[in-house]
Amino acid sequence: MKTKLRLAAAMALAIMAFGAHADITIGVDLSTTGPAASIGTQSMNAIRLWPDTLGGQPAKYVILDDGTDVSTAVKNFRKLTSENKVDAIVGPNVTPAALAALDVLQETGTPMVALAASASIVTPAGDPKRRWAFKLPQNDALMAGALVEDMRRRGIKTVGVIGFADSYGEGWAKEFAAAAGDNPKIVAQETFQRNDQSVTGQVLKLIVAKPDAVLIAGSGTPAALPQKTLVGRGYKGLIYQTHGIGTLEFLQVGGKDVEGTLFPTGPGVVARELPANHAARKVALEFADRYEARYGPNTLTQFAGDAWGAWMLLDSAVGRALKSGAKPGTPEFRAALRDAIESTRDLTVPNGVLNISPSDHQGFDERARVMATIKDGKFAYGQN
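Quantities reported herein were computed from a predicted structural model and do not represent experimental measurements.

Participant: Give a description of the overall build of the protein that names residues and reports values.
Facilitator: When you go through the protein residue by residue, the secondary structure sums to 13 helices and 15 strands. For 384 residues, the compact-globule estimate of 2.2 N^0.38 gives 21 Å, and the C-alpha radius of gyration of the protein, at 22 Å, lies within 12% of that figure. Dimensions of the protein along its principal axes, counting C-alpha atoms only, are 95 × 40 × 35 Å. By the burial criterion, 57% of the 384 residues in the protein qualify as buried. Across the protein, contacts joining residues at least 24 apart in sequence account for 68% of those joining residues at least 6 apart. Summed over all atoms, the accessible surface of the protein reaches about 15,500 Å², with 54% contributed by carbon and sulfur. Taking the 41 positively charged and 38 negatively charged side chains of the protein as two groups, their mean positions are separated by 3 Å.

See below:
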């Protein structure tokens, strides 16, 4: 009898061991300090709310700060992949860092869900360097289209553009020009650095061109500088920004000078004002309730919604990747996870509905954008 009991116990332990999985390990690279800290902080706020499971299995998160420095971000990616043996990486927050990390992804076969915006992170589709790259923020082209539609609706004929002198600003300038064509016509174009203390020279050139509106292609608090300078120099036309401004710090730094700003954003930012039939309303409201219960009313931002969406995407994909039988922490599991992310269909996250495919490693459509404004120091749905 004792022999039978020992045999039964051994068989039970074997079955448990066979059915068990190692913890899922996710690396996170954020800009919680440096020029993009206002973005990275919002991502970090959402990550603090992540459940400790993915796909029904225990998960652990290794979080590093890159200081908004490209070389540090690459070092973080190498540490996460070589030392921590992560199954995937979420982040970084800025496009230059995401582009610089592509080589690490390809070398190590590690999927990345970037929290940076530029489409160049995931395009051209089929590029071997981008095989492992995915991202949550909407592509610039999608948001640029919303801006052009709004400008045409308002009868704007000419526009000036001032943007970051990096891949974010360059990407936006390219996509906006493609969407606008000659309607509206771009009559002046300037650039500035994220850490510039003055843009007076560039702004004066814009004002001389007398555009009906100005588009500022920047993100986070640095995007407030051109707008404050435009207002201070007496510019009276409409001012547009990108979805990259969606931080509370931008509102604080911009103050009264950013009132009336027009910008496209993810539906999660204005969840409580969305139409009842909006595809993302239910999920956006659920996240808004969760987030604001921790951080207070009117604190939800685009970047927090993206970071929560990254967890939702990985939660869905990990559950499907585990069915491959591959063990977390192995190249086989990372490959299975990459494939699972790429096959995500009809997954609603706070900022839209994801349908990812080999030809689209972002996955959002028009349901992931709404036009918004700044009213009484808050982000508001619709136009002013």
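Participant: Could you give me a rundown of the sheet that holds strand S6 (residues 133-135), with the residues and numbers involved?
Facilitator: Spatially, six strands are ordered S2-S3-S1-S4-S5-S6 in an open sheet, and the strand pairing comes out mixed. Every interior strand has two partners, whereas the edge strands, strand S2 (53-54) and S6, have only one. Against the sheet, helix H2 (residues 37-47) contacts strand S1 (24-30) and strand S3 (57-65), and its axis sits at roughly 155° relative to S1. Where helix H13 (residues 331-342) meets the sheet, its contacts fall on S1, strand S4 (88-90), strand S5 (112-114) and S6, and the angle it forms with S6 comes to roughly 45°.

Participant: Can you explain the packing of aromatic side chains? Please cite residues and give values.
Facilitator: Counted under the stated rule, the structure contains eight aromatic pairs. One residue, Arg131, lies across the ring of Trp132, its end atom 5.7 Å from the ring centre. In this arrangement the basic side chain of Arg338 is found over the ring face of Trp132, its NZ or CZ atom lying 6.0 Å from the centre.

Participant: Outline the environment of Leu30, supporting the account with residue identities and numerical values.
Facilitator: With respect to the secondary-structure elements, Leu30 resides in strand S1. With relative accessibility at 0%, the residue Leu30 sits in the buried group. Distance from Leu30 to Gly91, taken between C-alpha atoms, is 5.9 Å for residues 61 residues apart in sequence. Apart from the residues within four sequence positions on either side, Leu30 is in contact with Gly40, Ser43, Met44, Ile47, Ile63, Leu64, Asp65, Asp66, Gly67, Asn93 and Leu115.

Participant: Tell me about the packing of helix H8 (residues 200-208) against helix H9 (residues 224-232), residues and numbers included.
Facilitator: In contact at an axis separation of 10 Å, H8 and H9 are set at 55° when each is read in the N-to-C sense. One way to sum up the angle between H8 and H9 is to call them oblique. Seen from above, H8 lies across H9 with right-handed handedness. Taking contact as the criterion, the partners of Thr200, Val203 and Ile207 in H8 are, on H9, Pro226, Thr229 and Leu230.

Participant: Can you tell me about the side chain of Asp29, naming the residues and giving the values?
Facilitator: Counting through the fold element by element, Asp29 comes out in strand S1. Although Asp29 is buried, it makes no salt bridge; Lys79 carries the closest opposite charge, 11 Å away. One polar contact links Asp29 to Asn76, side chain to side chain, over a distance of 2.8 Å.

Participant: Pulling in residues and values, what's your account of the packing of H2 against helix H12 (residues 302-321)?
Facilitator: It is the contact of H2 with H12, at a shortest axis distance of 7 Å, that shows an interaxial angle of 45°. As far as their axial angle goes, H12 and H2 are oblique. The chirality of how H2 crosses H12 is right-handed. Mapping the contact onto sequence places Ile39, Gln42, Ser43, Ala46 and Ile47 in H2 and Phe303, Ala304, Ala307 and Trp308 in H12. Here the contact of H2 with H12 is built from residues that sort into seven nonpolar, two polar and no charged.

Participant: Could you give an account of unusual backbone geometry, with specific residues and numbers?
Facilitator: Excluding glycine, residues mostly carry a negative phi; peptide bonds, for their part, are mostly trans. Between Gly91 and Pro92 the backbone carries a cis peptide bond, its omega angle lying at 0°. Mapped onto the secondary structure, Pro92 falls in the loop between S4 and helix H4 (95-100). Pro184 follows Asn183 through a cis peptide bond whose omega is 5°. For Pro184, the location among the structural elements is in the loop between helix H7 (167-180) and strand S8 (185-192). The backbone phi angle of Lys85 is positive, close to 50°, even though this residue is not glycine. Position of Lys85 relative to the elements: it lies in the loop between helix H3 (70-82) and S4. Judged by relative accessible area, which is 48%, Lys85 ranks as partly exposed. Positioned with a positive phi, Asn298 is a non-glycine residue whose angle comes to about 60°. Position of Asn298 relative to the elements: it lies in the loop between helix H11 (281-295) and H12.

Participant: Outline H11, listing residues and values.
Facilitator: Counted at 1.5 Å a residue, the expected span for H11 with its 15 residues is 21 Å, and the 20 Å between its end C-alpha atoms agrees. Of the positions making up H11, those classed as buried are Val283, Ala284, Phe287, Ala288, Tyr291 and Glu292. End-on, the buried residues of H11 take up no more than an arc of 150°, which puts them together on one face. Those residues of H11 that are exposed and angled more than 90 degrees off the buried face are Lys282 and Ala293. Residues of H11 that are buried in the fold lie against H2, H12 and strand S12 (347-349).

Participant: Could you give me a rundown of the pattern of salt bridges, with the residues and numbers involved?
Facilitator: Applying the stated criterion across every chain yields a total of 16 salt bridges. Two residues, Arg272 and Glu292, come together in a salt bridge whose shortest N-O distance is 3.0 Å. Of the two residues, Arg272 is situated in the loop between strand S11 (262-265) and H11 and Glu292 in helix H11; the sequence distance between them amounts to 20 residues. The exposure class assigned to Arg272 is partly exposed, which follows from its relative accessible area of 45%. A salt bridge links Arg367 to Asp365, with the shortest nitrogen-to-oxygen separation between them at 2.9 Å. Since its relative accessible area comes to 33%, Arg367 is described here as partly exposed. Of the residues examined, Asp365 reaches a relative accessible area of 25% and is grouped as partly exposed. Connected through shared salt-bridge partners, Asp150, Arg153 and Arg154 make up one network.

How each quantity is defined
- Residues numbered from 1 in each chain as written.
- Predicted model: local features only at pLDDT ≥ 70, side-chain atom pairs only at ≥ 80, totals over all residues.
- Heavy atoms only, no water.
- Helix = DSSP H or I, 4+ residues; strand = E, 2+ residues; numbered from the N terminus.
- Rg over C-alpha atoms; globule rule 2.2 N^0.38 Å.
- Buried < 20%, exposed > 50% of the residue type's maximum accessible area, 1.4 Å probe, protein only.
- Contact = heavy atoms within 4.5 Å.
- Areas by Shrake-Rupley, 256 points an atom, 1.4 Å probe, with all protein chains shown as cover.
- Lys, Arg positive; Asp, Glu negative; His and termini not counted.
- Charge placed at Lys NZ, Arg CZ, Asp CG, Glu CD.
- Pairing = 2+ DSSP bridges.
- Axes fitted to C-alpha atoms, helices over the stretch in contact; angles between N-to-C directions.
- Phe/Tyr/Trp six-rings, centres within 6.5 Å; stacked < 30°, edge-to-face > 60°.
- Lys NZ or Arg CZ within 6 Å of the ring centre and 35° of its normal.
- Parallel < 35°, antiparallel > 145°, perpendicular 65-115°, else oblique.
- Left-handed = near helix turned anticlockwise from the far one by under 90°.
- Salt bridge = Lys/Arg side-chain N within 4 Å of Asp/Glu carboxyl O.
- Polar contact = N/O pair within 3.5 Å; in protein donor to acceptor, adjacent residues only side chain to side chain.
- Nonpolar A, V, L, I, M, F, W, Y, C, P; charged D, E, K, R; others polar.
- Expected span 1.5 Å × (residues − 1).
- Arc of directions from axis to C-beta.

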